[in-house]
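# Structural description and commentary
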Amino acid sequence: MTKKKRSSYITTELVVFLVLLAAALLVTMLMEPPSLRTAVIVMIFVVAIVYFVISTLRKERWFYIAGKVLTSCSEQMDKYVSAVTMPTAITRKNGMIGWHNPAFALLAGGRCEGQNLFRIFPQLYKPEKDKKVKIGNVTYLKEAIPARFDGVDYMIYRLIDVGNTYEASDLCRTVMATSAHIQVDNYGDLLRGTSQNRHANIDAEIDRIISKQTKCLKGVYQKYDRDKYLMIFERRYLSALMQSKFSFIDEVKRVDTGTNAVVPTLSVGVGVGNVPEDANRSAIAALELALGRGGDQAVIKDEAGYKFYGGGQQAIEKRTRVKARMFSHALKNLMEQCDRVIIMGHTVPDLDCMGAAMGIFACARQVGKKAYIVLDKSNAAVQGLVDEMKRDPDYNNVLITPAEANSLLEEQSMLVILDTQIASFTIAPQLVSKAKTLVVIDHHVRGTEHIEMPTLSLLEPYASSTAEMVTELLEYFSDKIYIKPLEVESLLAGITIDTKGFSFKTGVRTFEAASYLRKLGADTTSIRHLFQDDLETFSTRASVVQNAQVLPDGIAISWCPDDAKNPQMLAAQAADSLIGIRGINASFVLCGQGDTIIISGRSIGGINVQRILEKLGGGGHATIAGAQLKGTDKKTANDELRQAIEDYKKES
């Protein structure tokens, strides 16, 4: 056993002084005559008093220095919760201790002012590389903080018990308030789809589930609207919520509504911040993102960015067209105030993008505004439509290059972005930042990267296509709107191509939009030539399908040839063809385009390709998604895709 060190508060300096004082008194007692003896004794007492005064002043001086030095290093000193109880000493550069706290005295076995730190604890002179030292049975972390006061250099030495010390920032992070905004998806449709006598029971059951979850998190919640809740809890309980993958969302789905046609779902936005205001702001942004991605999921926004949970199901189609009608009227009013309209879609546009552009072109013509469509270069997917436009004199000079669009885009011009909500995915991203009036219309699931603060935006992830959304806008744009046959047919072609012939992501409103276009004269036979392929494209696509590698879970992966024309379009078409084969549940086709690897993902519904490609920076829908990997070679892209697939399987 280690012998316990006896506490002593008698310093070496005091012992020497007392010895000298005793010796002086002894010698004085032998002196003659008595008057001399008395004088010497008086002198000794005067010296003793002076010594104690100087010693006290020196200690006061060191207390003052310690206060100033510790204050100047307060940020580092206050890093830990138990800073006061840590053994701490202030020394000169040579190691002489001038001040220490009681914890240091207890560790050293007594007061140590005036002694050398490295003689008391030799192990501090040369600690291990990890700065850990062992004193007794405890392992400490040596912390040395240089300081300067009145032109003199000092060192603050602190011994941190690594096993029983917590950083203040970590403790603060665990107890800081976390906000969660919860919303019942499509609450109006939920009530309309269930019998009235069940409404109270449904509300009560959802309240019970949210209340139970709040108690598990030791938090509080408030229902501030008929379909909205605010929950507040400490951050340390967030990890448990994440580990459960927000299981209360699935619990709400099991609420009995009396019909299988309507299922209640929740969208949850969780925000983390240094102060409650920041946490609430982040929670609102997270909820908006969850709703923009189709609902039925949770989104967390913290310092590292966004995290997503749930969202495995298709977005629920909204039955009401109120939003489309209001947006159509707002778009018309905005167009009437602009001098021209510039329409732009994503890079390598498809028929959905170009068909929607033709619909917006018809809107601009209705209000008497000149409109242009930005197209840098044509591709096989839209070549048929481009040829038809060139043959029609009404579309002369409608198609413009990005450079021409940049010169035409002035302060009173409107820029309409179609079929994407990511600025970097557009044909000319520089136009997005230049536009004063910006409108975004898109049907893709909202991602973490999107155009911020547009003048108007219509993002509907439940819609089958952007062409469907624009068709609905046309219905409410004007009572007597004139739409040319080519515009009607291009819109119907866009819906047809994105729904794969009305077999994917097709809802009631999709057929209503197609019916409206058919009523306007769209010919389903004549639109077929808009998406006909040439023989070379057909043969190349067949080879991509033939060379696909099928993984055990029915996931097919294939590559487009390096010399293929329009590789991005070919990848999308090949991915569509692959999921038409029995036994293939999802497909991913990759192609190289410059220094970028492009991935097209498709699914028949059982596998969410959007969640897989989102891990690679992409996005889309549960059954149709894509991603772009810039500066990546083929092997790395293939490995990253396979890893994303494995991660998705583990999460599911």
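Residues numbered from 1 in each chain as written. Predicted model: local features only at pLDDT ≥ 70, side-chain atom pairs only at ≥ 80, totals over all residues. Heavy atoms only, no water.

In the annotation of an unreviewed UniProt entry, the chain is listed under the name Cyclic-di-AMP phosphodiesterase and assigned to Christensenella hongkongensis. Listed in UniProt under the heading Function (unreviewed entry), the comment for the chain reads: "Has phosphodiesterase (PDE) activity against cyclic-di-AMP (c-di-AMP)." (UniProt positions renumbered as here; feature names shortened; annotations may be inferred.)

### Some words on the sheet that holds strand S14 (residues 399-400)
Taken together, the six strands give an open sheet; going across it, the order is S14-S13-S12-S15-S16-S17, and neighbouring strands pair in parallel fashion. Looking at strand neighbours, the two that pair on one side only are S14 and strand S17 (456-459), the edges of this open sheet. Strands strand S12 (340-344), strand S15 (413-418), strand S16 (437-442) and S17 of the sheet are contacted by helix H12 (residues 322-337), whose axis makes an angle of about 150 degrees with S17. (Pairing = 2+ DSSP bridges. Helix = DSSP H or I, 4+ residues; strand = E, 2+ residues; numbered from the N terminus. Contact = heavy atoms within 4.5 Å. Axes fitted to C-alpha atoms, helices over the stretch in contact; angles between N-to-C directions.)

### Observations concerning the pairing of strand S9 (residues 266-272)
For S9, the buried fraction is high: seven of the seven residues fall into the buried class. Here S9 shows no split at all, with Leu266, Val268, Val270 and Val272 on one side and Ser267, Gly269 and Gly271 on the other all buried. Pairing geometry for S9 and strand S10 (residues 297-302), over five bridges, is parallel. By the bridge assignment, Val268 is partnered in S10 with Ala298. (Buried < 20%, exposed > 50% of the residue type's maximum accessible area, 1.4 Å probe, protein only.)

### Concerning helix H20 (residues 535-546)
With twelve residues, H20 ought to run about 16 Å at 1.5 Å a step, and its terminal C-alpha atoms sit 17 Å apart, in line with that. The set of residues buried in H20 consists of Thr537, Thr540, Arg541 and Val544. Looking down the long axis of H20, one finds its buried residues gathered within 100 degrees of arc, a one-sided arrangement. Within H20, the exposed residues directed more than 90 degrees away from the buried face are Leu535 and Gln546. Buried positions along H20 lie against strand S19 (555-559), helix H21 (567-578) and strand S20 (586-593). (Expected span 1.5 Å × (residues − 1). Arc of directions from axis to C-beta.)

### Re the sheet that holds strand S2 (residues 97-100)
Taken together, the five strands give an open sheet; going across it, the order is S2-S1-S5-S4-S3, and neighbouring strands pair in antiparallel fashion. Only two strands of the sheet have a single partner each, and these edge strands are S2 and strand S3 (132-135). Averaged over all neighbouring strand pairs, the angle between strand axes comes to 30 degrees, with direction disregarded.

### Comments concerning helix H14 (residues 383-391)
The α-helix advances 3.6 residues per turn, and as a result positions three or four apart in sequence lie on the same side. Residues of H14 that are buried include every one of Gly384, Leu385, Val386 and Met389, and no others. Looking at the buried residues of H14, the elements they touch are helix H13 (351-366), strand S13 (370-374), S14 and helix H18 (485-498).

### Thoughts on the packing of aromatic side chains
Counting across every chain of the model gives eight aromatic pairs. For the ring pair Phe104 and Phe121, a centre distance of 5.7 Å and an interplane angle of 85 degrees mean the geometry is edge-to-face. With Phe104 in helix H4 (residues 102-108) and Phe121 in the loop between helix H5 (117-120) and S3, this pair connects stretches of sequence that are 17 residues apart. Their ring planes at 40 degrees and their centres at 6.3 Å tell us that Tyr221 and Tyr229 sit as a pair that is tilted. The class of Tyr229 is buried, set by a relative accessible area of 2%. Within the aromatic cluster, the residues linked to one another by ring pairs are Phe246, Phe248 and Tyr309. (Phe/Tyr/Trp six-rings, centres within 6.5 Å; stacked < 30°, edge-to-face > 60°.)

### Thoughts on the packing of H20 against H21
Across the interface, H20 lies against H21 with an axial gap of 9 Å and an inter-helix angle of 55 degrees. In this view, H20 runs oblique relative to H21, as classed from their interaxial angle. The interaxial crossing formed by H20 with H21 has right-handed handedness. Contacts from Thr537, Thr540, Arg541, Val544 and Val545 of H20 reach H21 at Met569, Leu570, Gln573, Ala574, Ser577 and Leu578. (Parallel < 35°, antiparallel > 145°, perpendicular 65-115°, else oblique. Left-handed = near helix turned anticlockwise from the far one by under 90°.)

### Section: the nonpolar core
In terms of nonpolar packing, the biggest core is built from 59 residues, with Leu331 and Met335 touching the most fellow members. Setting aside its immediate chain neighbours within four residues, Leu331 contacts Ile360, Met414, Val439, Leu456, Leu473 and Phe477. Core analysis: the second largest hydrophobic core is formed by 30 residues, Phe246, Val252, Val268 and Ile300 among them. (Core = buried A, V, L, I, M, F, W, Y, C linked by side-chain atoms within 4.5 Å.)

### Here's the deal with the UniProt feature "binding site: Mn(2+) 1" (unreviewed entry) in the chain
Those residues carrying the UniProt feature "binding site: Mn(2+) 1" (unreviewed entry) are His346, Asp350 and Asp419 in this numbering. Taken along the chain, the residues just named run across 74 residues; in space they keep tight, none of their C-alpha pairs more than 9.4 Å apart. Checked against the element boundaries, Asp350 lands in the loop between S12 and H13. Judged by its relative accessible area of 24%, Asp350 falls in the partly exposed class. In terms of polar contacts, Asp350 uses its side chain to reach the backbone amide nitrogen of Cys353, at 2.9 Å. Tracing the sequence through the fold places Asp419 in the loop between S15 and helix H16 (429-434). Relative accessible area serves as the criterion here: at 3%, Asp419 is assigned to the buried category. Leave out the neighbours within four places in its chain, and Asp419 touches His346, Asp350, Asp352, Cys353, Ile441, Asp442, His443, His444 and Thr466. Side chain to side chain, Asp419 and His443 meet in a polar contact 3.3 Å long. (Polar contact = N/O pair within 3.5 Å; in protein donor to acceptor, adjacent residues only side chain to side chain.)

### Describing a nonpolar patch on the surface
A surface patch of nonpolar side chains, about 330 Å² in accessible area, is lined by Val42, Val46, Val50 and Ile54. The residue Ile54 is located in helix H2 (residues 34-72) in this model. Residue Ile54 is classed as exposed on the basis of its relative accessible area of 51%. (Patch = residues over 30% accessible without salt bridge, like charges linked within 9 Å, V, L, I, M, F, W, Y side chains within 5 Å. Areas by Shrake-Rupley, 256 points an atom, 1.4 Å probe, with all protein chains shown as cover. Salt bridge = Lys/Arg side-chain N within 4 Å of Asp/Glu carboxyl O.)

### Details of the environment of Ala514
In this fold, Ala514 is placed in helix H19 (residues 508-519). When neighbours within four sequence positions are excluded, Ala514 is seen to be in contact with Leu492 and Phe502.

### Remarks on empty space enclosed by the protein
This structure, assessed with the given rule, holds three cavities of 30 Å³ or more. Together, twelve residues line the largest cavity, and Ala324, Glu460, Tyr462, Glu472 and Arg509 are the ones closest to its centre. Looking at the lining of the largest cavity, the elements with two or more residues in it are H12 and helix H17 (466-477). If you tally residues by element for the lining of the largest cavity, the top one is H17, at three residues. Its volume calculated, the second largest cavity comes out at about 50 Å³. Glu536, Thr537, Thr540, Ala564, Lys565 and Leu570 are the residues that line the second largest cavity. (1 Å grid on protein atoms, 1.4 Å probe; cavity = no way out; pocket = protein on both sides within 12 Å on 5 of 7 lines; lining within 4 Å. Points joined across faces, edges and corners; volume = space filled by probe spheres on them.)

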